[in-house]
Amino acid sequence: MTTDPRDAAIGVSCPAVAVPRFGALEPHASGQRMLLARNGLFVQMKTPWLDCTTRVAEVGMYLPYGAAAEAITFAFGVIPLGLLERFIAAARRAMPNEAAGALVYDARSGALRLAMHEAIEVGPGHVRYRIEELADDELVAIDLHSHGRLGAFWSHEDDRDDQGVRVCGVFGNLDRERPTARFRLALNGLFRELPNPWAVEPAGTVAA
């Protein structure tokens, strides 16, 4: 076992835990940890707004550990469709250029608010922006951008930019009455597709 303090620091920031076969798994307080289970390798992420366990790899051999289950839970419940509608309205005003914004989570109130980002460099196929200064208890939970008249898709630039831990949403075909959209959860370079809000019957919100 290494005695290098740098390895010890990594072990603290991202520990690896074997899932108990008979007992209960110790609750995860915050941050990231890896779970080694008989049904695969899982990453468990806990932030003020997210509690997520998702499989990152299958195991091709028998392991004497317990099983893990995938789950994604948002502290704010569901993504408010009304805030997404407000972003779409702002993105339409920015056409033919792209637009960017975010749903910011307030850890004190548990609520989300829409923040539109200030464009530094923008065109029909790109946007570089400045994020406003957030309060101490605020976090960017959902990153949003638009593709104008183009469809909703994930570009190579999106894959490079969508780092850290957040939900990412892209809206396209904004010249139509009902735009296209794609959503995914970004977990430090791992992407998990989430339901498209516009594929859900209008009910004021969209489930994760």
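Residues numbered from 1 in each chain as written. Predicted model: local features only at pLDDT ≥ 70, side-chain atom pairs only at ≥ 80, totals over all residues. Heavy atoms only, no water.

The next point concerns the overall build of the chain. Looking only at helices and strands, the chain features 3 helices and 15 strands. Dimensions along the principal axes, computed over C-alpha positions, put the chain at roughly 55 × 40 × 35 Å. Counting the 208 residues in the chain, one finds 38% classified as buried. Across the chain, the fraction of contacts at a sequence separation of at least 24, relative to all contacts at a separation of at least 6, is 53%. A total accessible area of about 11400 Å² is found for the chain, and carbon and sulfur atoms account for 53% of it. Across the chain, the centroid of the 21 positively charged side chains sits 4 Å from that of the 26 negatively charged ones. (Helix = DSSP H or I, 4+ residues; strand = E, 2+ residues; numbered from the N terminus. Buried < 20%, exposed > 50% of the residue type's maximum accessible area, 1.4 Å probe, protein only. Contact = heavy atoms within 4.5 Å. Areas by Shrake-Rupley, 256 points an atom, 1.4 Å probe, with all protein chains shown as cover. Lys, Arg positive; Asp, Glu negative; His and termini not counted. Charge placed at Lys NZ, Arg CZ, Asp CG, Glu CD.)

For the rest of this paragraph, the subject is a nonpolar patch on the surface. Where nonpolar side chains cluster on the molecular surface, the patch consists of Leu36, Leu41 and Val56 and spans about 180 Å² of accessible area. Since its relative accessible area comes to 31%, leucine 36 is described here as partly exposed. (Patch = residues over 30% accessible without salt bridge, like charges linked within 9 Å, V, L, I, M, F, W, Y side chains within 5 Å. Salt bridge = Lys/Arg side-chain N within 4 Å of Asp/Glu carboxyl O.)

Turning next to the packing of aromatic side chains. Under the defined criterion, the tally for this structure stands at 6 aromatic pairs. Among the aromatic residues, those joined into a cluster by ring pairs are Trp49, Phe74, Phe76 and Tyr105. The ring of tryptophan 154 carries arginine 184 above its face, with NZ or CZ at 4.0 Å from the centroid. Across the ring face of phenylalanine 191, the terminal group of arginine 184 is positioned such that the distance to the ring centre comes to 3.8 Å. (Phe/Tyr/Trp six-rings, centres within 6.5 Å; stacked < 30°, edge-to-face > 60°. Lys NZ or Arg CZ within 6 Å of the ring centre and 35° of its normal.)

Further remarks concern unusual backbone geometry. A cis geometry characterises the amide bond from methionine 95 onward to proline 96, with omega recorded as 10°. Of note, the phi angle at asparagine 173 is positive, near 50°, even though the residue is not glycine. Here asparagine 173 shows up in the loop between strand 12 (165-172) and strand 13 (180-187). We classify asparagine 173 as buried; its relative accessible area is 9%. Despite not being glycine, asparagine 188 shows a phi value in the positive range, around 50°. If you trace the backbone, asparagine 188 turns up in the loop between strand 13 and strand 14 (190-194).

Strand order across the open sheet formed by 6 strands is 8-7-11-12-13-14, with mixed pairing between neighbours. At either end of the open sheet lies a strand with only one pairing partner, and these are strand 8 (112-116) and strand 14. The average undirected angle you get between the axes of adjacent strands in this sheet is 25°. The strands that helix 2 (residues 81-94) touches are strand 7 (100-106), strand 8, strand 11 (138-146), strand 12 and strand 13; relative to strand 8, the one it contacts most, it runs at about 10°. (Pairing = 2+ DSSP bridges. Axes fitted to C-alpha atoms, helices over the stretch in contact; angles between N-to-C directions.)

The subject of this paragraph is the pairing of strand 8. The two faces of the sheet receive side chains in turn, since in a regular strand these alternate between them. Pairing geometry for strand 7 and strand 8, over 5 bridges, is antiparallel. Of the residues in strand 8, the one forming a bridge with valine 104 is arginine 113.

So, on to the sheet that holds strand 3 (residues 40-46). On the basis of which strands lie adjacent, the open sheet formed by 5 strands has the order 1-2-3-4-5 and mixed pairing. The sheet is open, and its two borders are formed by strand 1 (16-18) and strand 5 (71-74), each paired with just one other strand. Geometrically, the sheet is characterised by an average inter-axis angle of 25° between neighbouring strands, direction not taken into account. Examined bridge by bridge, strand 2 (residues 31-37) and strand 3 share 7 bridges and lie antiparallel to one another. Across the sheet, the residue bridging to glutamine 32 is methionine 45, located in strand 3.

Attention now moves to the confidence of the model for the chain. When the pLDDT values of the chain are averaged, the result is 90; 94% of them are 70 or greater. For the chain, the element scoring lowest by mean pLDDT is strand 15 (residues 205-206), at 40; strand 3 scores highest, at 97. When the criterion is pLDDT under 50, residues 201-208 qualifies, and its contacts beyond four places in sequence or with other chains add up to 15 contacts. (pLDDT = per-residue confidence, 0-100.)

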